[in-house]
Amino acid sequence: AQSVTQLGSHVSVSEGALVLLRCNYSSSVPPYLFWYVQYPNQGLQLLLKYTSAATLVKGINGFEAEFKKSETSFHLTKPSAHMSDAAEYFCAVRIYSSASKIIFGSGTRLSIRP
Amino acid sequence: NAGVTQTPKFQVLKTGQSMTLQCAQDMNHEYMSWYRQDPGMGLRLIHYSVGAGITDQGEVPNGYNVSRSTTEDFPLRLLSAAPSQTSVYFCASSLGGVNGYTFGSGTRLTVV
């Protein structure tokens, strides 16, 4: 069964530091992968998606993610953290047999230290 | 363009009561889903729909019913509320395929 695992429920970085949020997937077929962000008391917003067109995917707000098949990973990075990046981030995978079924990881809360 | 609209935003129910969470989208998306969000558990899929008249169960369907009579609307019914259903509920819609979901702003439900 396809699934995603997010390593680390809470990540704290200093403002200006590199942000690295980890996501590993489990899939026997090429997956469609997504990263979402959720700001406090809001719904989820799509950051970026991997659909096999390119292994390095750029998203909104300066975030990017690299699909690595050999490591079954899709980690989210940002070179320089900003205070406004503080939020919860979710990795998700579309179930191959369904055009609409998307399963989410447990989430990583990102805190930014001044 | 309103996107995905959920009502109500907040609700308190007593154990055993029933209610319907409303969800409407104006993007002509075929695919719609309901998720619940609980601390430390991410979002779990309750039910989803691939078009009007077609629904299917997700990861945690027990205690919830759905129907999809139109493309725009996808209500979620709690038949007999239990404290374990205290959660934040999100409705989402999508064109499907390579597209992700567009989410509503959520309904915070407390069952006492």
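Positions within a chain are numbered from 1, following the residues in the order the chain's sequence is written. Chains carry letters from A onward and ligands carry numbers from 1 onward, assigned in written order. Predicted model: local features are reported for residues with pLDDT of at least 70 only, side-chain atom pairs are reported and counted for 80 or more only, and whole-chain, interface and lining totals are derived from all residues. Side-chain metrics rest on all non-hydrogen atoms present in the structure, leaving aside hydrogens and water.

Chemist: Is there a simple way to explain the overall build of chain B in this structure?
Modeler: The helix count covers DSSP runs of H or I at least four residues long, the strand count covers runs of E at least two residues long, and both are numbered beginning at the N terminus. When you go through chain B residue by residue, the secondary structure sums to 0 helices and 11 strands. Secondary structure elements of chain B occur, N-terminal to C-terminal, as β-β-β-β-β-β-β-β-β-β-β. Relative to the globule expectation of 13 Å for 112 residues, the C-alpha radius of gyration of chain B, 13 Å, shows essentially globular dimensions. The dimensions of chain B, computed from C-alpha atoms along their principal axes, are 40 × 30 × 25 Å. Across the 112 residues in chain B, those meeting the buried criterion constitute 49%. Only C-alpha atoms enter the radius of gyration; for comparison, a globular chain is expected to reach 2.2 Å times N to the power 0.38, where N is the number of residues. Relative accessibility thresholds used throughout: buried, under 20% of the residue-type maximum; exposed, over 50%; partly exposed, between the two (1.4 Å probe, protein chains only).

Chemist: Is there a simple way to think about the interface of chain A and chain B in this case?
Modeler: How big an interface is tends to be stated in terms of the accessible area lost upon association of its parts. On the chain B side, the residues contacting the 21 residues of chain A number 25 residues. Using a 1.4 Å probe, buried area is obtained as the accessible area two parts lose upon being combined, added over both of them. Where chain A abuts chain B, roughly 1,700 Å² becomes buried across the two surfaces, and 57% of that area is made up of carbon and sulfur atoms. For the chain A face of the interface with chain B, the top three residues by lost area are Leu 44, Ser 100 and Phe 104 of chain A, together amounting to 28%. The term salt bridge refers to a pairing of a side-chain nitrogen on Lys or Arg with a carboxyl oxygen on Asp or Glu at a separation within 4 Å. The tally of links from chain A across to chain B stands at 0 salt bridges. Any pair of N or O atoms that falls within 3.5 Å is considered a polar contact. Within protein, one atom must be able to donate a hydrogen and the other to accept it, and sequence-neighbouring residues count only if both atoms are side-chain atoms. Run the count over chain A and chain B and you get 4 residue pairs in polar contact (both at pLDDT 80 or more). Broken down by secondary-structure element, the contributors of at least two residues to the side of chain A that touches chain B are strand S4 (32-38), strand S5 (44-50), strand S9 (87-94) and strand S10 (102-104) of chain A. Take the side of chain A that touches chain B: its biggest share by element is 4 residues, from S4 of chain A. Put simply, Ala, Val, Leu, Ile, Met, Phe, Trp, Tyr, Cys and Pro go in the nonpolar bin, Asp, Glu, Lys and Arg in the charged bin, and everything else, Gly too, in the polar bin. Residue composition of the side of chain A that touches chain B, by class: 9 nonpolar, 9 polar and 3 charged. Throughout, a residue-residue contact means that at least one pair of heavy atoms, one from each residue, lies within 4.5 Å.

Chemist: What should I look at first to understand the environment of Gly 63 of chain B in this one?
Modeler: Residues and elements named next belong to chain B. When you line up the elements, Gly 63 lands in the loop between strand S6 (54-57) and strand S7 (64-66). A relative accessible area of 37% means that Gly 63 is categorised as partly exposed. Here the alpha-carbon distance between Gly 63 and Phe 74, two residues 11 residues apart in the chain, equals 16 Å.

Chemist: Help me out: how do you make sense of the pairing of strand S11 (residues 108-113) of chain A in this one?
Modeler: On a regular strand, each side chain points to the face opposite its neighbour's, so the side chains alternate between the two faces of the sheet. Note on pairing: two strands pair once DSSP finds at least 2 bridges between them. Relative to S11 of chain A, strand S2 (residues 10-14) of chain A runs parallel, the two being bridged by 5 bridges. Across the sheet, Val 11 of chain A pairs through a bridge with Leu 110 of chain A, a residue of S11 of chain A.

Chemist: Can you help me understand the pattern of salt bridges in this one?
Modeler: As a working rule, side chains carrying opposite charge can pair if their charged atoms are close by. What the rule picks out here adds up to 4 salt bridges over all chains. Among the salt bridges present, the one from Glu 64 of chain A reaches Lys 58 of chain A, with a minimum N-O distance of 2.8 Å. Residue classification places Glu 64 of chain A among the partly exposed positions, given a relative accessible area of 23%. One connected set of salt bridges, linked through shared partners, spans Arg 36, Asp 38 and Arg 44 of chain B.

Chemist: What's the story with the sheet that holds S7 of chain B in this structure? I'm lost.
Modeler: Residue and element names in this part refer to chain B. Strands sit in the order S1-S3-S8-S7 across an open sheet of 4 strands; the sheet is antiparallel. Since the sheet does not close on itself, it has two edges, and those belong to strand S1 (4-7) and S7, each with one partner. When the angles between neighbouring strand axes are averaged without regard to direction, this sheet yields 20 degrees. Two elements, S7 and strand S8 (residues 76-78), share 3 bridges in a ladder whose sense is antiparallel. Bridge pairing in S8 links Tyr 64 to Leu 78. Only C-alpha atoms enter the line fits that serve as axes; for helices the fit covers just the stretch in contact. Angles between N-to-C directions range over 0 to 180 degrees.

Chemist: Could you clarify how one ought to interpret the state of the cysteines in this entry?
Modeler: In a disulfide, the sulfur atoms of two cysteines are held together by a covalent bond. Here, the term disulfide refers to a pair of cysteine sulfur atoms separated by no more than 2.5 Å. Under the criterion given, the structure shown has 2 disulfides over all chains. With a sulfur-sulfur separation of 2.0 Å, Cys 23 of chain A is cross-linked through a disulfide to Cys 91 of chain A. Across the S-S bond linking Cys 23 of chain A and Cys 91 of chain A, the dihedral sits near -60 degrees, which makes this disulfide left-handed. Taken together, the positions of Cys 23 of chain A in strand S3 (residues 19-26) and Cys 91 of chain A in strand S9 put the pair 68 residues apart, joining distant regions of the chain. Cys 91 of chain A gets classed as buried once you look at its relative accessible area, which sits at 0%. In this model, Cys 23 of chain B is linked to Cys 91 of chain B through a disulfide, with the two sulfur atoms separated by 1.8 Å. The sign of the -70 degrees torsion about the S-S bond sets the Cys 23 of chain B-Cys 91 of chain B disulfide as left-handed. Taken as a pair, Cys 23 of chain B in strand S3 (residues 19-25) and Cys 91 of chain B in strand S9 (residues 87-94) lie far apart in primary sequence, 68 residues in all. No difference in accessibility class separates Cys 23 of chain B from Cys 91 of chain B, as the two residues are buried.

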